[in-house]
Every structure is written in structure tokens, then in C-alpha cells.
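Here is how the chains run, residue by residue.
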Amino acid sequence: MELDFGPDVRDFRDEVRDWLADHLVGEFAEHRGMGGPTDGAAWEVRLAWDRELSAGGWLGVGWPREYGGRGLGLLEEIVFEYEYARVNAPYRATVNALDLLGPMLLKMGSEAQKKRFLPPILGVEELWGQGFSEPGAGSDLASVRTRAERDDGGTSRSSGAESGGEWVVSGQKVWTSFGVHADWLYVLTRTDPRSVRHKGLSLLLVPTDQPGVEIRPIRNLAGQDEFAEVFLSDARTSADMVVGEVGQGWRTAMATLGIERGTTLLPQQLTFEREAEALIDLARERGALDDPMLRRRIVDAWISVRIMRTTNLRTIAELTAGRTPGAQATTAKLYASTRHQQLGQLATELAGPAGQIVGEDYALDRRQRSFLLSLAETIYGGSSEIQRNIIGEQVLGLPKEPRP
Amino acid sequence: MDLTFSEEQDELRKVVRSFLAKHSDEATVRRLAADPQGHDPVVWGRMAGELGLQGLAVPEEYGGSGFGYVDLGIVFEEAGRALLGGPYFATVALAAEALRRCADEQARHDFLPGVASGETVATLALTEDIGRWDEQGIGLTAAHDERGGWRLTGVKTYVPDGHLADLLLVAARTPSGISLLAVETTDAPGLARTPLPTLDQTRKQARIEFTDTPARLLGPEGTAWPALERTLATAAVLLSAEQVGGAAAALDAAVEYAKIREQYGRPIGSFQGIKHKCADMLMEIESARSAAYGGLWALDTGDRTEIAIAAALAQAYCSEAFTKVAADNIQVHGGIGFTWEHPAHLYFKRAKSSEALLGTPSYHRELLATRLGI
Ligand SMILES: Cc1cc2nc3c(=O)[nH]c(=O)nc-3n(C[C@H](O)[C@H](O)[C@H](O)COP(=O)(O)OP(=O)(O)OC[C@H]3O[C@@H](n4cnc5c(N)ncnc54)[C@H](O)[C@@H]3O)c2cc1C
């Protein structure tokens, strides 16, 4: 995976490379390639690895220095991700805060919020969960029912309540990834009880360590207690914990989803390149490379990961040049998620009957886990059907489906 | 060729479906999945006693009911729909068929009545570490002992329900070719059986080590491959019927959910993205059904070549159709379909394990190409 991003970042690249060579050793090296955006495997080791990265100053490469970041540009961030993927370092456990909440706060948060929350994210001191979806609000996120009301007589449990008063939050969230580990949640709530749909929503930051927040793990189909349901009953957070403006939560949330549907694909998709390589090794081992039909599918899998890479590079190039990314940025997720599932199907097929055997207590190997978890990739972050609607309506300008 | 079901066959389907609705409901499927043995002898006994399912297609002279493969296919389709756990596939689709096809009349008389009555759980031990279903994949050897009997030495693995079987039919290499040998597992010396935990917990497998294990040779030595090939063809068709049933259940679940789950103020089934997906699922299922039924009819009426072709076709098609439909069912369910608690994954995992049970769809395409002379 040699990729030269030019002379300007070569020193930086070498620095990353050297650091990774020195630090991705021992237990961390044993957990190469572990984890994913919804894969809780080897959680403790990965958290320790995040702390190692943090100590080395490698979390928040592109975040401003004043909040503990390195203050470098997008290009350096990308170089870092490539080097990181090249050595197959464990997937960062703090991904939710690093890739979603952090960038959202940088974009829409108040100065006080940035000061308060960004450094502990980079220090791996506070973990975050996303509380958007509800039992009745999945694809149709604008139908969230979780309510938040102001209680201006209350005393705040959270610090920095200069504006006085608190939000009292009640409702249910669901599918919160790594919810049981979260110290804080960023929650989409309805703050105007008379409002409907996109209006009257606000994005609140809510601490989980309080009586009004109950988080119960949900077991996923791979047997991991990865995501969670969150019950909020008069949960409290101080009045200044709203990100963006009160009533403008939809805009704030969409900004995060924009990030989720855009640049965060990169680190994950780079891991698919590893899987494609492993697939070729497996095929060779199983003597499948002589089979013209399998050969074709293997090459197709390789093509698809290379296309993902190039698509990402196009988007990145446009972002670095300060341009609005083109249509490929909207098709990238649909493409990657479906092709990744195909790659997993093929790998499973190549593994033959041995691929159907698991370990004690339903312990899955990397291939099995990645394949099963890939089934969620067409569901979360905007399902494939929603992606197609967005592409059709927002990119191609086709008329909307009839809505009630 | 009669391409519709008779009233009796419709009735058979109804009876089996209602039996399995009671005895292989989701709670039972999950209980057996979580149990390393994965077998409920009481239900097994009732399947044999009340419905005669184990002996349905076993000829009457060996204690069965002498029904045809189309009838048996109906049972497998319903078993697939209900994700029936336990050794039904191993005993009926593999072992009983191997006994029927082997050139050993005495063995049929000795073993088939036990299978038909539900007394004997049996399986076919064919695959080894290399994971192949062809003649070349058989490496385990059987050799003569001093007393003129046979002894098995080697390893079989991925053996469906091999951990529970009372009777193992073992494909082995002997001096002049492939032979089929029988091992009755009770107190058998030199036999070590290890259950293998499976990704699809509804279908159990085992690894079996033979060390100088005494075995009974079935039929003339070195001539068993054609019978085994035919057994695999029959099992491929019955597995296809089972896959069709599983896929149909997954579609039912998807459609039911698409009617009640609302987003944007409308049932999700009203969106073309979902409606068209469900329609495609049905198209796949009906096509798979034709592939599987074609196989069943060939088994009842076709000659050797037709059977071989229909069986490879059925496996090549039905495996992929089931996997696709089961994955689509998860997709239609969204987040809930990705949970352990929801049954959607049970069907998906069954689909994947079925794909690997008798050789992959690619392998069956290759078989088909060869058999067609392409
Ligand atoms: C592994 C995983 C992790 C997740 N992590 C988080 C998290 O951390 N935080 C969080 O808030 N959420 C999270 N989610 C939730 C995720 O965002 C939702 O599952 C997703 O938005 C779909 O919502 P739903 O599950 O309610 O399905 P539904 O919206 O009910 O969708 C069901 C089906 O209907 C289809 N559909 C819906 N509307 C339309 C339409 N208009 N046109 C065509 N088809 C349509 C969908 O595509 C889907 O196939 C996670 C989900 C998963 C699976």
C-alpha cells in the first residue's frame, strides 16, 4: 500500500512510520487489525492502544493545538490514516468521539464546550456515545420523541453552568454503539414540545453517570454486547450543554451525519484492503486461484477495494483544495458497504467448512466477525435504501417519493 | 411428470407444519442451538412415532412408509422453514440414503428399520480436513485385520451430528478404491468424537478420530463411490428443499415487518426500495423452488444423469437464493434485524452453513458444467 502524498509530507510520514514501528509492539501488535466502527472485540487492549496513541500525540492530528490536537492539515491526517492502516494497527476504540462528536464540536460547538470536551477526548479520558436513533425513529430521524425541558430552578450537576438552569431529558434511545462504555452521550432531543419533524430539535450533551440514565447492552448477531439501549428518565444536564442553537438540533445532527457519511469511511475502508489481501492469501492456500470463476470474483474484490481507495482520494483531494466534494462522496458509502459484504461472502465461501466452525463461547475469528458485522454497514449511518433516496433526490434531482 | 402436489401431499405439508410449529418453535430452536448436543430425543421419538418422518421415504420392506422423494422434500421444506435442529438431515438425507444406495441388502435389513423407527440416529462421515466432497477428498483408510474384519484409521470432520450418531457410515479408502463402512458407536473401541462449535448453532458438527476402529464393510470392497455420489445428489436436492423453506420463512418475516413498521408516517413496505426488494426475494424463492422441486421430481422419476444434473443445479441455485433472501430479511428489519434476539440471523447463519454443507455453489456449478459436458 505504498502511496506517496508528496514531498511536503514525507518527513511527517516518516515520523508516523517510525513511531508506529516503535510502539505497535507486544500486546498491541498481537491485536493488529482488531475492531471496527461497530466491533467491540478486544476493547480493553484497544483502549490501552488509544492511550498509547494519545501519549504520542497521535489523536486529533488535524485538531487545533489549543484543544490538544496537532494542528496539522487534512493531508497529514490522511497520511496518518494510511500509515496506520499500512501496519494494520488496532481500530481506535474512541472512534465515536474522535470521528463524529469531536469534529461536530469543532464545527458547531461553543468555545466553552470545545475547551471542556475536546482535551479529554484526545486524552482518552471520556468516551462518547451517539444517541440519535429511537425505537420509532430510525431512518426517519426527524421523528425523534425524546423530550428535553428547561428547569431553570434546578442546581446543575455538571460544571460550567454559567447560563443557569438545566435540561431535563426523558425518552428512549437505541442502538447506541459502545453505549455501555459511554461517559457522555450526544442526544438529539425535542426541545419544543409543539414542534413537528425537523423543527424544535436540539442536540444536548448528557453525562451518563446519573440516576436518570440507564444503559442496557443489546447483543448483536455476532454475539457481542456492542450496542445499547438508553433509557432517559428526567436525566439532567446543564443549560449550556446544547450544541449549536436551541431548536436547530436537526442542522447540528445533520452535520455529524455528513461527517459519518463522508470522511470517516476512510479508516474503515483501508481495513478492507487488508481483508482483500487476506482473501487472496486464503484463496492461494485453498488452491482456489486456479478456478477461473473464483479468480474472477477475487479480482473483483480487489478492484472494489482499490476503487474505494481512489474514491476516497478524490474526495480528500477536493476537500484539501477547498472544494465541495463531488457525487462520488455520496455514492461511496453505498458502494463500500455492499462490496464489503460481497468480499465477506467470498471469503466465507473460500474458507469452506472450516469457516463454519467457531471457538469456545461462540468466539469468532476475524473473518467471521467482519463478515457478520458487515451486515450492519448497509443499515447504520443511513441505510442503503436511504442512500439511494439521497442520491436520487439530492444528487440527481429526481422528484421525491410521495410523503404523507 | 406431474408438477403439482396431490391433496395427500398438501395434507402432509399441513400436518408437518403444524407439528413443527409446536415442536420446533423459536424457543425450542434457540434452546437446542445453545445446547452442545442440539438434540431433543423426545421430539425425535414423536417425529418417528406420530408422523413417521424418519421412515417416510424408506421402502416398506425395511420398515418405512415407502413414500417418494417429492413427499420427503415437503418435509425438508417445512423443516427448513422451522429451522428444525437435531439430526434429521444427517439421518434421513445422508445416512438412510447411503444405506439405500449401497450394494448391501443385509445392511439395509439390519439398519434401515432402526432409522425408520427413530431408534437410530445415523450420519454419513465423508469430509475430512481438506473439506472436499469428491472421491479425491477421501483419505481415511480401512484395512483388513487378522480376523478378516476391517479397521478404520484416520480423521473425519465437519460430520453433521457426528457427535450423537449411533451409526456412522464412513467413506474410506481401501486397497481397490472407495468403500463404505459402518461403525456402531456404542462402546466402539478406538473412536474419539469431538463436537465442533458451529457458527450456525442450529446445525451441529463433529470431528471423529478413528484409531484401529473395527468397522463393518458394506457391499463389495472398493466399489462404493457411485453409491456415495448418488447419496450426495439426493442430499443436495433435499438440502435445496430445506433452503427454500428457510428462505420462504425469511420472506414471510420481512413482509410481515414491512407492513407494520412505520417510518415517515408510512409502512416501510410502501416504499419502493422495500417493496421491490421483497418482490425480488419472492422471485428468488420461486426460482429456487423450481430448482429444488425439479430435483425432487428427478429423484422420483429421472435416470442417473438427470438426477446428477438436477441435484447440482438445485444446490448451485438454492444456496445463493437462501443466503440472499436471509440477508435481505435482515436489511428490511434495519437495526432490530442485526440483533441476537431477533430470529433473522438464525436464518442467515443457517443459509451460510448450508452453503458449505455439501460443497459451495461454485463447486456445484463446476459439477453441473462437467455433467453437462460443458
Ligand atoms: C451496528 C449498528 C450500530 C448503530 N449505532 C448507532 C449509534 O451509535 N447511534 C445511533 O443513534 N444509532 C445507531 N444505529 C442505528 C442506525 O442509525 C439505524 O439502525 C438506522 O438509521 C435504521 O433505522 P432502523 O433500524 O429503525 O430501521 P428502519 O428505519 O425501520 O428501516 C427498516 C428498513 O426500511 C428501510 N427504509 C426506511 N425508510 C425508507 C424509505 N423512505 N425508503 C426506502 N426504504 C426505507 C430501511 O432502509 C430498512 O431497510 C446503529 C445501527 C446498527 C445496526
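Up top you'll find the structure we're talking about.
Parameters at a glance
Numbering of residues begins from 1 in every chain and follows the order in which that chain's sequence is written. Naming scheme: in the order in which they are written, chains are lettered from A and ligands are numbered from 1. For this predicted model, a pLDDT threshold of at least 70 governs which residues receive local features, and a threshold of 80 or more governs which side-chain atom pairs are given and counted, while totals over whole chains, interfaces and linings are taken from all residues. The side-chain numbers reported here are obtained from all heavy atoms of the structure, hydrogens and water having been left aside. The criterion for a disulfide is a pair of cysteine sulfur atoms lying within 2.5 Å. Only protein chains enter the accessibility calculation, which uses a 1.4 Å probe; a residue is then buried when its area is under 20% of its type maximum, exposed when over 50%, and partly exposed in between. Working rule for contacts: check all heavy atoms of both residues, and any pair within 4.5 Å makes them a contact. Summed over both partners, buried area is the accessible surface (1.4 Å probe) that two parts give up on being assembled. Definition used for salt bridges: Asp or Glu carboxyl oxygen within 4 Å of a side-chain nitrogen of Lys or Arg. For this analysis, a polar contact is any N or O atom pair within 3.5 Å, provided that within protein one partner can donate a hydrogen and the other can accept it, and provided that sequence-adjacent residues contribute only side-chain to side-chain pairs. In this description a helix means any DSSP run of H or I spanning at least four residues, a strand means any run of E spanning at least two, and both kinds are numbered starting from the N terminus. Charged residues are taken to be Asp, Glu, Lys and Arg, nonpolar residues to be Ala, Val, Leu, Ile, Met, Phe, Trp, Tyr, Cys and Pro, and polar residues to be all remaining types, Gly included. A molecule or strand has a residue near it when one of that residue's heavy atoms lies within 4 Å. What sets the accessible areas is the Shrake-Rupley method with a 1.4 Å probe; for residues, cover comes only from the shown protein chains. For two strands to count as paired, DSSP must find a minimum of two bridges between them. Residues belong to one nonpolar core when they are buried, are Ala, Val, Leu, Ile, Met, Phe, Trp, Tyr or Cys, and are joined through side-chain atoms within 4.5 Å. The aromatic pairing rule takes the rings of Phe, Tyr and Trp, using the six-membered ring of Trp, and pairs them if the centres are within 6.5 Å, calling planes under 30 degrees apart stacked, those over 60 edge-to-face and the rest tilted. We call a charge positioned above a ring when the Lys NZ or Arg CZ atom is no farther than 6 Å from the ring centre and deviates by at most 35 degrees from the ring normal. Comment: axis = line fitted to C-alpha atoms, over the contacting stretch for helices; angle = value between 0 and 180 degrees taken between N-to-C directions. Note on convention: near helix rotated counterclockwise from far helix by under a right angle means a left-handed crossing. Clockwise means right-handed. Patch rule: a residue counts if its relative accessible area is over 30% and it has no salt bridge; like charges are joined within 9 Å, and nonpolar side chains (Val, Leu, Ile, Met, Phe, Trp, Tyr) within 5 Å.

Q: Quick question: what am I supposed to make of the state of the cysteines here?
A: The bond known as a disulfide is covalent and runs between the sulfur atoms of two cysteines. Residues and elements named next belong to chain B. Per the counting criterion, the structure on display carries 0 disulfides over all chains. With no disulfide of its own, cysteine 278 lies 20 Å from the sulfur of cysteine 318, the closest cysteine sulfur. The buried category is assigned to cysteine 278, whose relative accessible area is 11%.

Q: What exactly am I supposed to notice about the interface of chain A and chain B here?
A: It is common to give the size of an interface as the accessible area lost on bringing the parts into contact. With 47 residues of chain A at the interface, the matching set in chain B holds 41 residues. Across the interface of chain A and chain B, roughly 3700 Å² is buried in total on both sides, 62% from carbon and sulfur atoms. Interface area lost by chain A to chain B is led by Leu221(A), Pro353(A) and Gln356(A), which between them contribute 17%. For the pair chain A and chain B, the interface holds 1 salt bridge. Between Lys277(B) and Glu385(A) there is a salt bridge, with its nearest N and O atoms 3.8 Å apart. Viewed at the interface, chain B and chain A are joined by 18 residue pairs in polar contact (both at pLDDT 80 or more). Put simply, the parts of the chain that give the side of chain A that touches chain B at least two residues each are helix H9 (292-320), helix H10 (328-351), helix H11 (366-374) and helix H12 (384-395) of chain A. Split by residue class, the side of chain A that touches chain B holds 24 nonpolar, 14 polar and 9 charged.

Q: Would you mind going over the site of the ligand with me for this structure?
A: The environment of the ligand is formed by 28 residues, the closest being Ser139(A), Ser383(A), Glu385(A), Arg261(B) and Gln331(B). More than a single chain frames the ligand: its nearby residues are located in chains A and B. At a separation of 2.8 Å, a nitrogen atom of the ligand approaches a polar backbone atom of Gln130(A). One of the side-chain N or O atoms of Ser383(A) is found 2.5 Å from an oxygen atom in the ligand. Coverage of the ligand by the protein chains reaches 95% of its 970 Å² of free accessible surface.

Q: Just to check I follow, could you spell out the environment of Arg286(A) for this structure?
A: You can see Arg286(A) is positioned in the loop between helix H8 (265-285) and H9. Residue classification places Arg286(A) among the partly exposed positions, given a relative accessible area of 35%. Linking Arg286(A) and Arg32(A), residues 254 residues apart in sequence, is a C-alpha distance of 24 Å. Those residues within four positions of Arg286(A) in sequence are excluded, and the remaining contacts are Leu350(A), Ala351(A), Gly352(A), Pro353(A), Ile130(B) and Gly131(B).

Q: Help me understand the pairing of strand E3 (residues 166-177) of chain A in this model?
A: Two faces, one strand: in a regular strand the side chains alternate between the faces of the sheet. All names here are of chain A. Strand direction decides the pairing type here: strand E2 (residues 147-151) and E3, joined by 5 bridges, are antiparallel. Residue pairing across strands places glutamate 149 opposite valine 168, the latter belonging to E3. Direction of pairing for E3 relative to strand E7 (residues 227-238): antiparallel, over a ladder of 9 bridges. Bridged to valine 168 within E7 is arginine 236.

Q: I tried to follow the nonpolar core on my own but got confused; where do I start?
A: Most often, soluble globular proteins keep nonpolar side chains buried together rather than apart. Residue and element names in this part refer to chain B. One finds Tyr88, Leu152, Leu169 and Leu358 to be the most contacted residues of the largest nonpolar core, which totals 88 residues. Of all the elements, helix H7 (residues 225-260) adds the most residues to this core, at 10 residues. Beyond its immediate sequence surroundings of up to four residues, leucine 152 is in contact with Leu140, Thr141, Ala142, Val170, Ala172, Leu181, Val183, Phe210, Thr211, Asp212, Thr213 and Ala215.

Q: Just checking my understanding: could you explain the side chain of Asp39(A) for this structure?
A: Residues and elements named next belong to chain A. Structurally, the position occupied by aspartate 39 is in the loop between helix H2 (26-30) and helix H3 (43-55). There is a polar contact of 2.9 Å between the side chain of aspartate 39 and the backbone nitrogen of alanine 41. Looking at aspartate 39, its side chain comes within polar contact range of the side chain of glutamine 224, at 2.8 Å. Here aspartate 39 is in contact with Arg46, Phe178, Gln224, Arg369 and Leu373, once residues within four sequence places are set aside.

Q: Got a minute to help me understand the packing of aromatic side chains in this structure?
A: Between two aromatic rings, the relevant description is the distance of the centres plus the angle of the planes. Here the structure, examined in full by the defined rule, presents 23 aromatic pairs over all chains. For the ring pair Phe227(A) and Phe338(B), a centre distance of 6.0 Å and an interplane angle of 80° mean the geometry is edge-to-face. Here Phe338(B) lies in the loop between helix H9 (304-333) and helix H10 (344-357) and Phe227(A) lies in strand E7, a pairing that spans two chains. Its relative accessible area of 6% is what places Phe227(A) among the buried residues. Phe338(B) gets classed as buried once you look at its relative accessible area, which sits at 3%. Both rings, one in Tyr362(A) and one in Trp340(B), keep their centres 5.3 Å apart while their planes meet at 80°; by these two values the pair is edge-to-face. On the criterion of chain membership, the pair formed by Tyr362(A) in the loop between H10 and H11 and Trp340(B) in the loop between H9 and H10 is interchain, its members lying in two chains. When its relative accessible area of 12% is taken as the criterion, Tyr362(A) is described as buried. An aromatic cluster is built from Phe12(A), Trp19(A), Phe28(A), Trp49(A), Trp58(A), Phe80(A) and Tyr84(A), whose rings are joined through pairwise contacts. It is Arg150(A) that lies over the ring of Trp167(A); its NZ or CZ is 5.4 Å from the centre.

Q: Just to check I follow, could you spell out the pairing of strand E4 (residues 184-190) of chain A for this structure?
A: Residues and elements named next belong to chain A. Counting buried positions over the 7 residues of E4 gives 7, a clear majority of the element. Side chains Trp184, Tyr186, Leu188 and Arg190 of E4 all project onto a buried face; the interleaved residues Leu185, Val187 and Thr189 project onto the opposite face, where all are buried too. Pairing analysis gives 4 bridges linking strand E1 (residues 128-131) to E4, with the strands arranged parallel. Residue tryptophan 128 lies in a different strand from E4, and its bridge partner there is tryptophan 184. Of the pairings in the sheet, the one linking E4 to strand E5 (residues 201-207) comprises 7 bridges and is antiparallel in character. What sits directly across from tryptophan 184, in E5, is proline 207.

Q: Looking at this structure, how should I read the pattern of salt bridges?
A: Oppositely charged side chains can pair when the atoms bearing their charge come close. All names here are of chain B. Tallied over the full model, the rule gives 51 salt bridges over all chains. Two residues, glutamate 26 and arginine 30, come together in a salt bridge whose shortest N-O distance is 2.8 Å. Of this pair, glutamate 26 and arginine 30 both sit in helix H2 (residues 26-34), separated by 4 residues, roughly a single helical turn. Between arginine 371 and glutamate 229 there is a salt bridge, with its nearest N and O atoms 3.9 Å apart. One end of the pair, arginine 371, is in helix H11 (residues 361-372); the other, glutamate 229, is in helix H7, with 142 residues separating them in the sequence. Assessed through its relative accessible area of 25%, arginine 371 is described here as partly exposed. For glutamate 229, a relative accessible area of 34% puts it in the partly exposed group. If you follow the salt bridges from partner to partner, you end up with Arg13, Arg17, Glu77, Glu78, Arg81, Asp252, Glu286 and Arg289 in one network.

Q: In this structure, what is going on with the packing of helix H1 (residues 10-23) of chain A against helix H4 (residues 74-86) of chain A? I would like to understand it.
A: Residue and element names in this part refer to chain A. Two elements in contact, H1 and H4, have axes separated by 10 Å at closest approach and are oriented at 35°. Where H1 crosses over H4, the handedness of that crossing is right-handed. Contacts between H1 and H4 involve Phe12, Arg13, Val16, Arg17 and Leu20 from the former and Glu76, Val79, Phe80, Glu83, Tyr84 and Arg86 from the latter. For the contact of H1 with H4, the class distribution of residues is 6 nonpolar, no polar and 5 charged.

Q: Whenever I open this one, a nonpolar patch on the surface confuses me. Can you help?
A: Side chains of Val299(A), Trp302(A), Ile303(A) and Ile307(A) sit close together on the surface and give an oily, nonpolar patch of about 330 Å² of accessible area. Mapped onto the fold, Trp302(A) is located in helix H9.

Q: Teacher, can you tell me more about unusual backbone geometry here?
A: Leave glycine aside and you will find that most residues have negative phi; peptide bonds, for their part, are mostly trans. All names here are of chain B. Not every positive phi belongs to a glycine, and leucine 83 is a case in point at roughly 50°. Relative to the helices and strands, leucine 83 resides in the loop between helix H4 (69-81) and helix H5 (88-101). Its identity as a non-glycine residue notwithstanding, aspartate 212 has a phi of 55°, on the positive side. On the secondary structure map, aspartate 212 appears in strand E7 (residues 205-218). Assessed through its relative accessible area of 45%, aspartate 212 is described here as partly exposed.

These results come straight from atomic positions and should not be treated as a statement about function.
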